[in-house]
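The chain contents come next:
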Amino acid sequence: MHNSCAKFPSHVYRSFRCQAAVAEVEDAEIPAEKLEYQAEVSRLLDLIVHSLYSHKEVFLRELVSNASDALDKLRFLSVTDDSLMKDAPELEIRIKPDPDNSTITIVDTGIGMTKQDLIESLGTIAQSGTAKFINALKDNKDALSDNNLIGQFGVGFYSAFLVAEKVIVSTKSPKSDRQFVWEGEADSSSYIIREETDPEKLLPRGTSITLYLKPDDAFEYSDPIRIKELVKSYSQFISFPIHVWMEKTRTVPDTTTDTDSASSESQEEKEPKTKTEKYYEWELVNETKPIWMRNPKEVEKSEYDAFYKSTFNEYLDPSAYTHFTTEGEVEFRSLLYIPGMAPFNAEELYSANAKNIRLYVKRVFISSDFDGELLPRYLGFVKGVVDSNDLPLNVSREILQESRIVRIMKKRLVRKIFDMCQEIADREDKEAYKNFWTNFGRSIKLGCIEDSANHKRLTPLLRFFTSKHEDSLVSLKTYVENMKPDQNAIYYFAADSIKSAKSAPFLEALLKKDYEVLFLIEPIDEVAITNLQEYEGKKFVDISKEDLDLGGDDEEEEREKEKEYQLLCDWMKQILGDKVAKVQVSKRISTSPCVLVSGKFGWSANMERIMKAQTLGDDSTLDFMRGRRVLEINPDHPIIKDLNLACKDSPRSTKYQNIVNILHETAMISSGFFPENSAEYGGKVFEVLGLAMASQGDHQSANEEEEEKSADVEVVPEVEVLEPSEVQQDSDPWN
């Protein structure tokens, strides 16, 4: 069933008349020649055979890619010399797994090789990727423990020894009248080259590679179904047809008859009997043309959606896609998608093992492990394919990191992704961008932190809630357009929720001026805005930090108030000591008695809360970055006015000193900080409540006494006198 001669088409293995062929071979027969491998190749084979790798399957990708290169070279040369094509006009690759003999044979009708080509290509390193592979092993001490090393570097033909204990290469070049055979074994330091003497194995042109599989790998890699899967995975988009020898079944008439039952059957016609039989035939496994190689104008949206779902195992249509070709300095094609939904596990968005970008080189799948080299981390949610004609097949992570080609590709891919995001934002359907922002808004904010070079492209994509839009997201462009004429900055406040933000005392003066304030309610927001610094010439200003300048106030009146309350500020600072850096008159509050603001260069209350919650937080860093705190007082508040009198009349009063401490700790809470000793603060509050209740009770008693004294005449009710006979006795319940 699996004899190779009968199973390959006539244009692959041409049958010659036996006697004439044998006579011809005998006349020109050359004895087998034993040659030694070049030292580097011998070392490489030793590494492949005696090391463990988890991706042995790459051998098929490498051999099919070599076959494709041979066909490409023939097609190129045939443009000027059409005689090269006369012996086998069809350009194709055929793969024949043979489970019975534990072999797999790969045949192409490409350019073939001469004897000298065999020696230079298979016996020495020459121009293959093996030299880089060897150098990488020298430079990387941990290389032998890297299970993906073979798959990353690609070792061409030698990868066959990952699964084969013996390899036979039979090749015929149109430049030579002879066909030569190369034989090598995995554990040998030498190889044999001889001329083909079997007339049934003569090729019109091309190369046949037969792998005699190792016992441990024979079951998997001699299975036609497994080989078909590997071809579809790695080589589905090779531009030449790839045929695999597959086992099929079909239904045929059953011609056997049962003589015992034939005599007893009636004359009625019976239904014909059938049976199922197995047979073998060549199956074309790469008939799908790569969608990214087609003209975008000829591809329907449904085709893009279907490719996305099948390639990346998604069930929702993508939010957006872009299909483009880059030519000129660097040539590559790409098809990128923005998913319709974020992954359930948010960590997958920023994982190094996301595998969202599939890298192809000349339509040969290389790897999906190079996301970090092709896209920045914050765009890791984007999925798609990139097909380059300029990268080598033996591409590695080291090559990508150092490649100028990859840097140019990365820049253009990022630009196209921003164009996709902006296209969603500009749609009339606002729900589309709302959905995008819900899924990937944090990634865009992360870009503001990690990619300063693209701030101009990132800022138009940002969205925030504001003091005037608590239920809808607003872009920075809209915010700037709605700014008041006298407003000279973009104000923001960071909190843990919209409810906390809108009730914070920092907003009082700004709301009074009708200024809009951005609410940063996600942990990443404040860091992102801090890295942006400004937008369209307007600086971002944190309203919870000192030196807030709202402008438009009467400077003369402010100086008078500062002078009037200077003694109070000094007195309160003396009481609070190191708890605050200073006490000053505030310009940002109008109804609260006081507020505690952060230093200009330290953490805000919100950032301090976030850093305290870190699992691996460092207390020393917390103390350093916490910086100075400033207590600002509202000179128009009754409590502050009373304290201003008290600091002059009773500066040593314990009562007023306790009030100052309670004001400070209450301001900490209302400003988003946490009191250093919650129990102590609670005790002070309870004490004040007790005093307030006692004072209220004394005041009520005094009012009652005063009312009694003010009653000059006591009113005596008139008593009605009744006669004895008019007295009515109460009824007795027992009678």
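Scroll up to find the structure.
For clarity, every value in this text was computed on a predicted model and none was experimentally measured.

Chemist: Would you mind showing me how to read the overall build of the chain here?
Modeler: Scanning the chain from N- to C-terminus turns up 27 helices and 23 strands. Counting across all 735 residues of the chain, residues that qualify as buried make up 46%. Restricting to contacts in the chain with at least 6 residues of sequence separation, those with at least 24 account for 74%. As displayed, the chain offers around 40300 Å² of accessible surface, 48% of which is attributable to carbon and sulfur atoms.

Chemist: Help me understand the packing of helix α22 (residues 566-576) against helix α25 (residues 638-649), please; the structure alone is not making it clear to me.
Modeler: Between two packed helices, both the angle of their axes relative to each other and the distance between the axes serve to describe the pair. For the pair α22 and α25, the least separation of the axes is 9 Å and the interaxial angle reads 80°. Classed by the angle they form, the pair α22 and α25 counts as roughly perpendicular. In contact with L567, L568 and W571 of α22, α25 contributes I640, L643, N644, C647 and K648. The residue makeup of the contact of α22 with α25, split by class, is six nonpolar, one polar and one charged.

Chemist: Can you help me understand the sheet that holds strand β18 (residues 517-520) in this one?
Modeler: What holds strands together in a sheet is hydrogen bonding between their backbones, with the strands either parallel or antiparallel. Strand order in the open sheet made by the six strands is β16-β15-β18-β17-β20-β19, with mixed pairing throughout. Each edge of the sheet is formed by a strand with only one pairing partner; in this case those strands are β16 (474-475) and β19 (534-535). As paired elements, strand β15 (residues 463-466) and β16 share two bridges and run antiparallel to each other. Each bridged residue has a counterpart across the sheet, and for F464 the counterpart in β16 is V474.

Chemist: Would you mind showing me how to read the packing of aromatic side chains here?
Modeler: Aromatic ring pairs are described here by two measures, namely the spacing of the ring centres and the angle between the planes. Considering all chains together, one arrives at 25 aromatic pairs under this definition. Ring geometry for F324 against F332: centres 6.0 Å apart, planes inclined by 80°, an arrangement best described as edge-to-face. For the ring pair Y433 and W437, a centre distance of 6.4 Å and an interplane angle of 25° mean the geometry is stacked. A residue pair is termed a helical-turn pair when its members lie 3 or 4 positions apart in one helix, as Y433 and W437 do in helix α15 (residues 430-450) at four residues. A residue is classified by how much of its surface remains accessible, and Y433, at 5% relative accessible area, is buried. Here W437 falls in the buried class, since its relative accessible area comes to 8%. A connected cluster of aromatic rings, assembled from ring pairs, spans Y234, F237, W292, F307, Y360 and F365. Its guanidinium or amino end placed over the ring of W282, R94 lies 5.0 Å from that ring's centre, counting from NZ or CZ. Just above the ring of Y212 sits the side chain of K166; from NZ or CZ to the centre is 5.4 Å.

Chemist: What is the right way to read the environment of F506 from this model?
Modeler: One can find F506 in the loop between α18 (498-502) and α19 (508-512). We classify F506 as buried; its relative accessible area is 1%. Sequence separation of F506 and K545 is 39 residues, and the distance between their C-alpha atoms is 9.3 Å. Once residues within four sequence positions are removed from consideration, F506 is found in contact with F493, I543, S544, R588, V595, L596, V597 and S671.

Chemist: Help me understand the side chain of D542, please; the structure alone is not making it clear to me.
Modeler: Residue placement: D542 occurs in strand β20 (residues 538-542). This buried residue, D542, is left without a salt bridge; K545 holds the nearest opposite charge, at 4.6 Å. A polar contact of 2.8 Å, which involves the side chain of D542, links it to the side chain of S544.

Chemist: Teacher, can you tell me more about the nonpolar core here?
Modeler: Across soluble globular proteins, nonpolar side chains show a tendency to be buried alongside one another. Membership of the largest hydrophobic core comes to 147 residues, with the highest contact counts inside it found for L60, I95, F157, V167, W182, L211 and Y491. By residue number, the principal contributor to this core is helix α14 (residues 404-425), which donates 11 residues. Contact partners of V167, with chain neighbours within four places excluded, come to F157, A160, F161, W182, E183, G184, I209, T210 and L211. In this structure, L568, C594, A605 and L643 belong to the second largest nonpolar core, which totals 22 residues.

Chemist: Just to check I follow, could you spell out the sheet that holds strand β11 (residues 332-338) for this structure?
Modeler: In space, the five strands of this open sheet follow the order β10-β11-β14-β12-β13, with mixed pairing throughout. Two strands in the sheet have a free side with no partner beyond their single neighbour: β10 (320-326) and β13 (364-367). Along the sheet, successive strands turn relative to each other by an average axial angle of 20°, direction set aside. Looking at chain direction, β11 and strand β14 (residues 383-388) are connected through six bridges and run antiparallel. Within the sheet, the bridge partner assigned to F332 lies in β14 and is S388.

Chemist: Teacher, can you tell me more about the environment of F601 here?
Modeler: Mapped onto the elements of the fold, F601 is located in the loop between β22 (594-598) and α23 (605-612). Since its relative accessible area comes to 76%, F601 is described here as exposed. C-alpha separation for the pair F601 and K545, spaced 56 residues apart in sequence, amounts to 8.6 Å.

Chemist: Would you mind going over helix α9 (residues 224-234) with me for this structure?
Modeler: For an α-helix the count is 3.6 residues per turn, leaving residues at separations of three or four pointing the same way. Every buried residue belonging to α9 is among P224, R226, I227, L230, V231 and Y234, and all of these are buried. Projected down its long axis, α9 shows its buried positions confined to an angular sector of 160°, all on one face. Check the buried side of α9 and you find it contacts α4 (58-78), β2 (93-98), β3 (103-108), α8 (215-221), β8 (242-253) and β13.

Chemist: Looking at this model, I keep getting lost on the packing of α4 against α9. Mind explaining?
Modeler: Where α4 contacts α9, the two axes come as close as 10 Å, and the packing angle between them is 65°. Looking at the two axes, α4 sits roughly perpendicular to α9. When the axes of α4 and α9 are compared, the crossing they make is right-handed. For the pair α4 and α9, contact is made by V58, L60 and R61 and by I227, L230, V231 and Y234, respectively. By residue class, the composition of the contact of α4 with α9 is six nonpolar, no polar and one charged.

Chemist: So what exactly am I meant to see when it comes to the pattern of salt bridges here?
Modeler: Counted according to the given criterion, the structure contains 35 salt bridges. Two residues, K309 and D317, come together in a salt bridge whose shortest N-O distance is 2.7 Å. Classification of D317 by relative accessible area gives partly exposed; the value is 36%. Residue E632 is joined to R588 by a salt bridge in which the shortest nitrogen-to-oxygen separation is 2.9 Å. Taken together, the positions of E632 in strand β23 (residues 629-633) and R588 in the loop between β21 (582-585) and β22 put the pair 44 residues apart, joining distant regions of the chain. For E632, a relative accessible area of 2% corresponds to the buried category. Residues joined by salt bridges that share partners form a network here, namely E57, E220, R226 and E229.

Chemist: Even after reading the chapter, I still don't get a nonpolar patch on the surface, so can you show me in this structure?
Modeler: Among the surface-exposed residues, Y315, L316 and F344 lie close enough to one another that they form a single nonpolar patch of about 390 Å² accessible area. You can see F344 is positioned in the loop between β11 and β12 (357-361).

Chemist: Quick question: what am I supposed to make of unusual backbone geometry here?
Modeler: Peptide bonds are trans in most cases, and residues, glycine excluded, mostly fall at negative phi. Phi at N313 is positive, roughly 55°, even though this residue is not glycine. Turning to its location among the elements, N313 is positioned in the loop between α11 (301-312) and β10. According to the relative accessible area criterion, N313 is exposed, its value standing at 70%. For D547, which is not glycine, the phi torsion reads 65° and is therefore positive. Here D547 lies in the loop between β20 and α21 (555-564).

Chemist: Can you walk me through the environment of R226 in this structure?
Modeler: Summarising the element assignment, R226 is placed in helix α9. For the pair R226 and E57, spaced 169 residues apart in sequence, the C-alpha to C-alpha distance is 10.0 Å.

Rules and cut-offs
Here, residues in each chain are numbered from 1, in the same order as that chain's written sequence. For this predicted model, a pLDDT threshold of at least 70 governs which residues receive local features, and a threshold of 80 or more governs which side-chain atom pairs are given and counted, while totals over whole chains, interfaces and linings are taken from all residues. Each side-chain value is worked out from all heavy atoms of the structure, with water and hydrogens disregarded. A run of H or I in DSSP counts as a helix once it spans at least four residues, and a run of E counts as a strand once it spans at least two, with each numbered from the N terminus. Summary of the burial criterion: residues with accessible area below 20% of their type's maximum are buried, those above 50% are exposed, and those between are partly exposed, where the area comes from a 1.4 Å probe applied to protein chains only. By definition in these notes, contact holds between two residues if any of their heavy atoms fall within 4.5 Å. Per-residue and other accessible areas follow the Shrake-Rupley method at a 1.4 Å probe size, with only the shown protein chains counted as cover for residues. Angles shown run from 0 to 180 degrees and are taken between the N-to-C directions of axes, each axis being a line fitted to C-alpha atoms and, for helices, limited to the stretch in contact. With respect to orientation, any angle under 35 degrees is reported as roughly parallel, any angle over 145 as roughly antiparallel, any angle of 65 to 115 as roughly perpendicular, and every other angle as oblique. Gly is placed with the polar residues, together with every amino acid not listed as nonpolar (Ala, Val, Leu, Ile, Met, Phe, Trp, Tyr, Cys and Pro) or charged (Asp, Glu, Lys and Arg). Note on pairing: two strands pair once DSSP finds at least 2 bridges between them. Note on aromatic pairs: the rings of Phe, Tyr and Trp (six-membered ring only in Trp) are paired at centre separations within 6.5 Å, and the planes decide the class, stacked below 30 degrees, edge-to-face beyond 60, tilted for the rest. Both a distance and an angle decide whether a charge sits over a ring: NZ of Lys or CZ of Arg must be within 6 Å of the ring centre and within 35 degrees of the ring normal. For the purpose of charge, His is not counted, nor are the chain termini; Lys and Arg are scored as positive and Asp and Glu as negative. Every case where a carboxyl oxygen of Asp or Glu lies within 4 Å of a side-chain nitrogen of Lys or Arg is listed as a salt bridge. In the analysis that follows, any N or O atom pair within 3.5 Å is treated as a polar contact, provided that within protein one partner can donate a hydrogen and the other can accept it, and provided that, for residues neighboring in sequence, both atoms belong to side chains. The nonpolar core is taken to be a set of buried Ala, Val, Leu, Ile, Met, Phe, Trp, Tyr and Cys residues, with the residues joined through side-chain atoms within 4.5 Å. To be clear, the arc concerns the directions from the helix axis to the C-beta atoms. For any helix crossing, the convention is left-handed if the near helix is rotated counterclockwise from the far helix by under a right angle, and right-handed if that rotation is clockwise. For patches, a residue must show more than 30% relative accessible area and have no salt bridge; joins then use 9 Å for like charges and 5 Å for nonpolar side chains, namely Val, Leu, Ile, Met, Phe, Trp and Tyr.

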